[in-house]
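A look at the structure
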Amino acid sequence: MIGIFSSSKTKFTQITLGILAALFLSVFIYEEHFFNTWRHPLFSSFFAILGFFMLLQLSRLSAFVCGSSIGILWFYWIGLSFRFYDLTYLIPLVWIFVALIFGIFFLALCYFKTPIYRISVLLCASFIHPFGFNWFIPELTLTQSYFFPSKSILALLLILLVIFSFLVQKQFYKISFLWLILGLFSIGIFSQTLYPTPKESPLKIKTISTNIPQNLRWDSSNLKQIIDENFSLIQQAKQEKYDLVILPETAFPIALNAEDSLLKILQDLSQDLTILVGAIHKQGNSYYNSAYLFNQGEMQIFDKIILVPFGEKIPLPQFFVDLINQIFFKGGMDFTINSNQKPNSTILQNQHFQIAICYEATRQEFYQDSPSFLIAISNNAWFKPSIEPTLQKLLMRYFSLNYGTTIYHSSNGSQDFILSP
């Protein structure tokens, strides 16, 4: 069955087909990023189906090129954070590394031509996390399409395409296209039955978007202005009669628990308005990326339990971690992980809220118990300008749909939003 494209003789043709497949499988990101107000599920559906059809046919060389291209098209932004460590020269090396990782992965995906093998590996791809990074989920391409973005729907689509390809190869052209049209229509109808019913929060919640450049965020000369702006946003939410205001990750770029005067002000303000804000939490020589919740004068601290690979923690043996931090990051240290590996959560007005900090909001661990509501805070200024905030939002949308979770997201360097299933 497999072989419509894999029989191509010239390397140039195989490379071209690999690039085209990667482009088709990336349309949904760039359509959302550049044409948000004009996007239509028809385009995402068409290009996703075409991309998966090509992927099932690719030769090994084409598959390697496709994977390498997807690594760049989806994740080129990973190296942009190096700009803030005076390591801009390493960005091309990061691109090469990412391209190789995904190129090898796609080569393994298409190593055997049998449809069962390729479908099985593709469906298992989201469980493979290189260095703990889980942002490649094949069914994510369906997020803005007519098809529900789940493994079951992806499996049905892949089986449909395999049979379509077989019929085309047997030159049953009329039957093959009738099969394809009826199959896509049926899967689309079935998809509509999978969308969960959104739940309404009992709280009136305000999400916040700030735009503080990363190179200014940690400059002590800007600290007073940042703090004043945070309190201005809180006061505005209070005047607008919100029950809860959410400020972004590290909105206070300091160890907030060491600032008694600021804690006192926040606790006083929380008598009338619940406040959740991102800041650093220091305990001894350990530093945590944390969320602080102030409610009726009481304070809770939620330390991050899943750190960003290579961003907050280097996923290598300690010897290499120390060496890399010393050579590249001027002796800096990784953040410390909360020893409690259970996702952070709290109860507000008798309603359970999961609390996720940036990367955590795109991890399945925070959705496994199907929470009705999740609060997410991010700082996307590290990767501005890029598609990273768009891909992050699509991932949250994917988890929101699959677990029936309403997400309230505040961010620095990108737009805040509320996602309902």
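About the criteria used
- Residues numbered from 1 in each chain as written.
- Predicted model: local features only at pLDDT ≥ 70, side-chain atom pairs only at ≥ 80, totals over all residues.
- Heavy atoms only, no water.
- Helix = DSSP H or I, 4+ residues; strand = E, 2+ residues; numbered from the N terminus.
- Buried < 20%, exposed > 50% of the residue type's maximum accessible area, 1.4 Å probe, protein only.
- Contact = heavy atoms within 4.5 Å.
- Salt bridge = Lys/Arg side-chain N within 4 Å of Asp/Glu carboxyl O.
- Phe/Tyr/Trp six-rings, centres within 6.5 Å; stacked < 30°, edge-to-face > 60°.
- Lys NZ or Arg CZ within 6 Å of the ring centre and 35° of its normal.
- Core = buried A, V, L, I, M, F, W, Y, C linked by side-chain atoms within 4.5 Å.
- UniProt positions renumbered as here; feature names shortened; annotations may be inferred.
- Axes fitted to C-alpha atoms, helices over the stretch in contact; angles between N-to-C directions.
- Parallel < 35°, antiparallel > 145°, perpendicular 65-115°, else oblique.
- Left-handed = near helix turned anticlockwise from the far one by under 90°.
- Nonpolar A, V, L, I, M, F, W, Y, C, P; charged D, E, K, R; others polar.

What follows covers the environment of Lys 199. By the element assignment, Lys 199 lies in the loop between α8 (173-192) and β1 (205-207). Among the residues examined, Lys 199 registers a relative accessible area of 42% and is labelled partly exposed. Separated by 88 residues in the primary sequence, Lys 199 and Tyr 287 have C-alpha atoms spaced 36 Å apart. Leaving out residues up to four positions away in the same chain, Lys 199 has contacts with Ser 372, Phe 373, Gly 404 and Thr 406.

Our focus in this paragraph is the pattern of salt bridges. Once their charged atoms are close, side chains differing in charge can pair, the charge on each being opposite to the other. Evaluation of the coordinates by the stated rule reveals 7 salt bridges. With a closest N to O distance of 2.9 Å, Lys 151 and Glu 139 form a salt bridge. Here Lys 151 is found in helix α7 (residues 151-169), whereas its partner Glu 139 is found in the loop between α6 (115-124) and α7, with 12 residues between them in sequence. For Lys 151, a relative accessible area of 23% corresponds to the partly exposed category. On the basis of relative accessibility, which here comes to 0%, the residue Glu 139 falls in the buried class. In this structure, Glu 240 engages Lys 206 in a salt bridge whose closest nitrogen and oxygen atoms are separated by 3.5 Å. On the criterion of sequence distance, the pair formed by Glu 240 in the loop between α10 (223-239) and β3 (244-246) and Lys 206 in strand β1 is long-range, its members being 34 residues apart. Given the relative accessible area of 31%, Glu 240 is considered partly exposed.

All chains considered together, the criterion is met by 33 aromatic pairs. Ring geometry for Phe 373 and Tyr 408: centres 6.4 Å apart, planes at 35°, overall tilted. Of this pair, Phe 373 sits in strand β10 (residues 373-379) while Tyr 408 sits in strand β11 (residues 406-412), and the two are 35 residues apart along the sequence. What makes Phe 373 buried here is its relative accessible area of 1%. Of the aromatic side chains, those joined through ring pairs into one cluster are Phe 28, Trp 74, Phe 75, Trp 77, Phe 102, Phe 105, Phe 106, Phe 133, Trp 135, Phe 136, Tyr 359 and Phe 383. Lying over the aromatic face of Tyr 111, Arg 60 brings its terminal NZ or CZ to 3.8 Å of the ring centre.

As a further point, take the nonpolar core. With 79 residues, the main nonpolar core has Leu 55, Trp 74, Phe 75, Trp 77, Phe 136 and Leu 140 as its most contacted residues. At 9 residues, the largest contribution of residues to this core is made by α7. Excluding residues within four positions of it along the chain, Trp 74 makes contact with Leu 25, Ser 26, Phe 28, Ile 29, Trp 135, Phe 136, Ile 137, Leu 140, Thr 141, Ile 387 and Leu 391. Counting 23 residues, the second-largest nonpolar core is a separate cluster that includes Ala 237, Tyr 242, Phe 252 and Leu 256.

A few words now on the UniProt feature "transmembrane region" (unreviewed entry) in the protein chain. The UniProt record annotates "transmembrane region" (unreviewed entry) at residues 12-30, 42-58, 65-85, 91-112, 119-137, 149-168 and 175-195. Between the end C-alpha atoms of residues 42-58 there is a gap of 24 Å, over a span that is 94% helix and 0% strand. Secondary structure content for residues 65-85 is 52% helix and 0% strand, while the C-alpha to C-alpha distance between its ends is 31 Å.

With that settled, consider the packing of helix α3 (residues 41-57) against α7. At their nearest, the axes of α3 and α7 sit 10 Å apart, and the two run at 60° to each other. Between α3 and α7, the angle falls in the class oblique. With respect to the hand of their crossing, α3 and α7 are arranged in right-handed fashion. Side by side, α3 and α7 meet where Ile 49, Phe 52, Phe 53, Leu 56 and Gln 57 of the first sit next to Leu 154, Leu 157, Leu 158, Leu 161, Val 162, Phe 164 and Ser 165 of the second. Broken down by class, the residue content of the contact of α3 with α7 amounts to 10 nonpolar, 2 polar and no charged.

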